[in-house]
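Understanding the architecture of this molecule
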Amino acid sequence: MISKTINRYIWLLDTLQKKKKLTFEEISDLWRESGIGDGKPLPLRTFHQHRDAIEELFGVKIKCDLKDGYQYFIDNPQAMRDDRTRRWLLNSFSLSNMIIAGHNMNGRILFENVPRGTEYLQPVIESMQQNKVLKLDYQSFSEHLKTYHMEAYAMKVYHLTMVHCR
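Starting from 1, residues in each chain are numbered consecutively following that chain's sequence as written. Restriction of local features to residues with pLDDT of at least 70 applies here, the model being predicted, together with a cutoff of 80 or more for giving and counting side-chain atom pairs; totals for whole chains, interfaces and linings are based on all residues. Hydrogens are left out, water is left out, and the side-chain values use all remaining heavy atoms of the structure.

Examining the environment of Tyr70
Basically, it comes down to this: Only DSSP runs of H or I covering at least 4 residues are called helices, and only runs of E covering at least 2 are called strands; the numbering of each starts at the N terminus. Accessible area is worked out with a 1.4 Å probe on protein chains only. A residue is then buried under 20% of its type maximum, exposed over 50%, and partly exposed in between. Residues are treated as being in contact if the distance between any of their heavy atoms lies within 4.5 Å.
Tracing the sequence through the fold places Tyr70 in the loop between β2 (62-65) and β3 (71-74). Since its relative accessible area comes to 52%, Tyr70 is described here as exposed. Each C-alpha atom, one on Tyr70 and one on Leu22, is 8.2 Å from the other, the two residues being 48 residues apart in sequence. In this structure Tyr70 touches Leu22, Thr23, Phe24, Cys64 and Asp65, once residues within four positions along its chain are discounted.

Quick word on helix α2 (residues 24-34)
Since the α-helix turns once every 3.6 residues, residues separated by three or four places project in the same direction. Convention followed: Our arc is simply the arc of the directions from the helix axis toward the C-beta atoms.
Buried within α2 we find Phe24, Ile27, Ser28 and Trp31. Buried residues in α2, looked at end-on, bunch into an arc of 100°, giving them a common side. In α2, the exposed positions angled more than 90 degrees off the buried face are occupied by Glu25 and Glu33. At its buried positions, α2 is contacted by α1 (4-19), β1 (21-23), α3 (44-58) and β3. Just downstream of α2 lies Gly35, where phi reads positive at about 90°.

Structural measurements only, silent on function.
The following block contains the structure:
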């Protein structure tokens, strides 16, 4: 489960994506009504801390339009639309938020079991980042153990967790 703070960042991003422009008061009211803040209004200082963290973590800037009633908006929505990895990450967090918030949905949303192999994602990604060769040991049922050395240049993740290297 992701942290409560990250959930709050995602909630703020989702809210601004859906509503486009909101005053701080409108954001605070929606915050209170949503239950994300335990029924309390959003403190202004917390809001600004969340804005800064969202920019740092996700590269998404939330700005204030001083000419149009001090309304807040996502300054670079194309950053989320154009970056498929960022969009996938934010959508995953958003879905997690919705499921956690909808306690009454327990048993009504069913997920497939996660296939094996996800433990290899991190070493493959690290080898790509560091331009290192991967050493893979493989043994089929009918043959002896074979060792392969490969350079991972790209990776495709599909069905949420299946990994293929090219």
